[in-house]
Amino acid sequence: MSASLAAGPATRVAVDVTFLCMDAPPAGRAPALPDGYRIDHYPAPPVAFYRRLYDGVGQDYCWWLRRAMPDGELAALLRDPTVRVNVLWHGQEVCGFFELDCAMPDEVNLAYFGLMPGRIGQGIGRAFLRAALDAAWASGPSSVRVNTCTADHPRALDTYLQAGFRRIRTIREIWDIPDRLGLDIPPGLRI
């Protein structure tokens, strides 16, 4: 983490992070996205567009690392060809995104996945997750990994387990979330 990420006053939180792994592609036929939805790949998306995705999906779940990252650092990361950003659309409306980290030769990390708040509970999450998993497995890795934490949506862990991931371990992490980000941090996470 760069020094600029943690500069200034911060709120200390404790989260339990669960690391998960999938050792084979999901079985069975993938559910189709509902009519009118599509997923587009964005190699090297503009920083402002990416921030709209990240902030929109992560606003209720303390997604802060990329918010705190300076624009130049984030732009360099997004230009990396091993970072793959895919966006879920309904017509002209952004509905969610996923980001794959393909830096490890035999492993893909589902670095970020989620729906915009207004799309949660609309019956598209499982099909969207399956599309993300199919994209992750397309490069032929030996495994796909993801992690989730107690700051994420309450159904996130169960959703990943139902999709075929297995739990590897859970660890407690302490985060210092910069106050300058203005995140609404749930009281249950504060220490």
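Note that the structure is predicted; figures quoted are calculated from it, not measured. (Residues numbered from 1 in each chain as written. Predicted model: local features only at pLDDT ≥ 70, side-chain atom pairs only at ≥ 80, totals over all residues. Heavy atoms only, no water.)

### Some remarks on the sheet that holds strand β4 (residues 93-101)
Pairing in this open sheet of seven strands is mixed, and the strands run β2-β3-β4-β5-β6-β1-β7 from one edge to the other. Edge positions in the sheet fall to β2 (37-42) and β7 (166-178), since each of these pairs with one other strand and no more. If you compare each strand with its neighbour and ignore which way they point, the axes differ by 25° on average. As judged from the eight bridges shared by strand β3 (residues 83-90) and β4, these two strands associate in the antiparallel manner. The partner of Val 83 across the bridge, within β4, is Asp 101. (Pairing = 2+ DSSP bridges. Helix = DSSP H or I, 4+ residues; strand = E, 2+ residues; numbered from the N terminus. Axes fitted to C-alpha atoms, helices over the stretch in contact; angles between N-to-C directions.)

### Some remarks on the packing of helix α4 (residues 125-137) against helix α5 (residues 156-163)
At a closest axis distance of 11 Å, the pairing of α4 and α5 adopts a crossing angle of 60°. Judged by the inter-axis angle, α4 sits oblique to α5. Crossing of α4 against α5: the hand is right-handed. Along the contact surface, α4 presents Arg 126, Leu 129 and Leu 133, while α5 presents Thr 159, Tyr 160, Gln 162 and Ala 163. For the contact of α4 with α5, a count of residues per class yields four nonpolar, two polar and one charged. (Parallel < 35°, antiparallel > 145°, perpendicular 65-115°, else oblique. Left-handed = near helix turned anticlockwise from the far one by under 90°. Contact = heavy atoms within 4.5 Å. Nonpolar A, V, L, I, M, F, W, Y, C, P; charged D, E, K, R; others polar.)

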